[in-house]
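Understanding the architecture of this molecule
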Amino acid sequence: DARVTQTPRHKVTEMGQEVTMRCQPILGHNTVFWYRQTMMQGLELLAYFRNRAPLDDSGMPKDRFSAEMPDATLATLKIQPSEPRDSAVYFCASGPARLTGRMTGELFFGEGSRLTVL
Amino acid sequence: AQKITQTQPGMFVQEKEAVTLDCTYDTSDPSYGLFWYKQPSSGEMIFLIYQGSYDQQNATEGRYSLNFQKARKSANLVISASQLGDSAMYFCAMRSTVGGFKTIFGAGTRLFVKA
């Protein structure tokens, strides 16, 4: 059963600490997205990749956030230093880069990483 | 710039009745895709239905249908015969066909189904 795997599921940390969230996309999917969900802002797109290349990270605070795909099976989102306002659920999603036949190209989401920064 | 707008923060519907969740979008792309996802209280994101911008007919999937009005740039979700299990957050999303399938989401609508 193919699925997107995110770790950690929950993270509580103190302000100023570094936080790294990891995502294993579905095998064969070569677009990967990072979203942040908060009550006030809904689902914000932070960054996304196609074939491991970053295409758009304009949604990320550049001074503290960074996103990478060191290989096709791993995407990372790092926050350094973390702040209380970063508290949110962070979702990773993957999808196919090429649509064939009747493919709709919907995104497949991980279960999310719930981050609490004290 | 692309934008998705969901103007209903919360909606109530009586069980077994139909409900329409609104979604309007803005894009300059000639081709795009529109999606609806459901997020129950467990937090998972569940894909419901898809509409391509060139599709002539409105998409349907079981009790879900998408009322696509291209000229008005709206893609409303209609849920027929609501069930208690439909209580959830619903997100409208748009995928660009340029720039690597960038996909953005609206703010969501929380649906409450009353028994």
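In this text, all values refer to a predicted model and were calculated from it rather than measured experimentally.

**A closer look at the overall build of chain B**
- Looking only at helices and strands, one finds zero helices and 12 strands in chain B.
- Ordered by position from the N terminus, the helices and strands of chain B form the series β-β-β-β-β-β-β-β-β-β-β-β.
- Its C-alpha atoms give chain B a radius of gyration of 14 Å, near enough to 13 Å, the size a compact globule of 115 residues would have.
- Based on the C-alpha atoms only, the size of chain B along its principal axes is roughly 45 × 30 × 20 Å.

**Structural notes on the sheet that holds strand E3 (residues 19-24) of chain A**
All names here are of chain A.
- Reading across from one edge, E1-E3-E8-E7 is the order of the four strands in this open sheet, with antiparallel pairing throughout. A single partner strand is all that each edge strand has here, and the edge strands are strand E1 (5-7) and strand E7 (65-71). Averaged over neighbouring strand pairs, the angle between their axes works out to 15° when direction is ignored.
- In this structure, E7 lies alongside strand E8 (residues 74-79), joined through five bridges in antiparallel fashion. The residue bridging Ala67 from the neighbouring strand is Leu77, located in E8.

**What about the side chain of B:Gln6?**
Residue and element names in this part refer to chain B.
- Along the chain, Gln6 turns up in the loop between strand E1 (3-5) and strand E2 (10-14).
- Of the residues examined, Gln6 reaches a relative accessible area of 9% and is grouped as buried.
- A distance of 3.1 Å separates a polar atom in the side chain of Gln6 from the backbone oxygen of Tyr90.
- Setting aside residues up to four positions removed in sequence, Gln6 forms contacts with Asp22, Trp36, Tyr90, Phe91, Cys92, Gly106, Ala107, Gly108 and Thr109.

**Thoughts on the environment of B:Ile79**
Residues and elements named next belong to chain B.
- Note on placement: Ile79 falls in strand E9 (residues 74-79).
- Once the C-alpha coordinates of Ile79 and Tyr37 are considered, the two residues, 42 residues apart in sequence, prove to be 13 Å apart.
- Contact partners of Ile79, with chain neighbours within four places excluded, come to Glu17, Ala18, Val19, Arg63, Tyr64, Asp86, Tyr90 and Leu111.

**Considering the pattern of salt bridges**
Residue and element names in this part refer to chain A.
- Inspection of the entire model under this criterion finds nine salt bridges over all chains.
- For Arg36, the salt bridge identified is with Glu44, shortest N-O distance 3.2 Å.
- With a relative accessible area of 22%, Glu44 lands in the partly exposed category.
- Close ionic contact of Glu83 with Arg64 constitutes a salt bridge, the shortest N to O distance being 3.5 Å. Remark: Arg64 occurs in the loop between strand E6 (53-56) and E7 and Glu83 occurs in the loop between E8 and strand E9 (88-95); sequence separation between them is 19 residues.

**A closer look at the state of the cysteines**
- Considering all chains together, one arrives at two disulfides over all chains under this definition.
- Between the sulfur of A:Cys23 and that of A:Cys92 lies a disulfide, 1.9 Å long from S to S. Classification of the bridge connecting A:Cys23 and A:Cys92 rests on its S-S torsion, roughly -60°, and on that basis the disulfide is left-handed. Placement of A:Cys23 in strand E3 and of A:Cys92 in strand E9 is noted, with a sequence separation of 69 residues between them. The same class applies to A:Cys23 as to A:Cys92, namely buried.
- Across the disulfide, B:Cys23 is cross-linked to B:Cys92 (sulfur-sulfur distance 2.0 Å). Handedness of the B:Cys23-B:Cys92 disulfide follows from its S-S torsion of about -65°: it is left-handed. Highlighted residues: B:Cys23 in the loop between strand E3 (19-21) and strand E4 (24-26) and B:Cys92 in strand E10 (residues 88-96), separated in sequence by 69 residues.

Criteria and cut-off values
- Residues numbered from 1 in each chain as written.
- Chains lettered and ligands numbered in written order.
- Predicted model: local features only at pLDDT ≥ 70, side-chain atom pairs only at ≥ 80, totals over all residues.
- Heavy atoms only, no water.
- Helix = DSSP H or I, 4+ residues; strand = E, 2+ residues; numbered from the N terminus.
- Rg over C-alpha atoms; globule rule 2.2 N^0.38 Å.
- Pairing = 2+ DSSP bridges.
- Axes fitted to C-alpha atoms, helices over the stretch in contact; angles between N-to-C directions.
- Buried < 20%, exposed > 50% of the residue type's maximum accessible area, 1.4 Å probe, protein only.
- Polar contact = N/O pair within 3.5 Å; in protein donor to acceptor, adjacent residues only side chain to side chain.
- Contact = heavy atoms within 4.5 Å.
- Salt bridge = Lys/Arg side-chain N within 4 Å of Asp/Glu carboxyl O.
- Disulfide = S-S within 2.5 Å.

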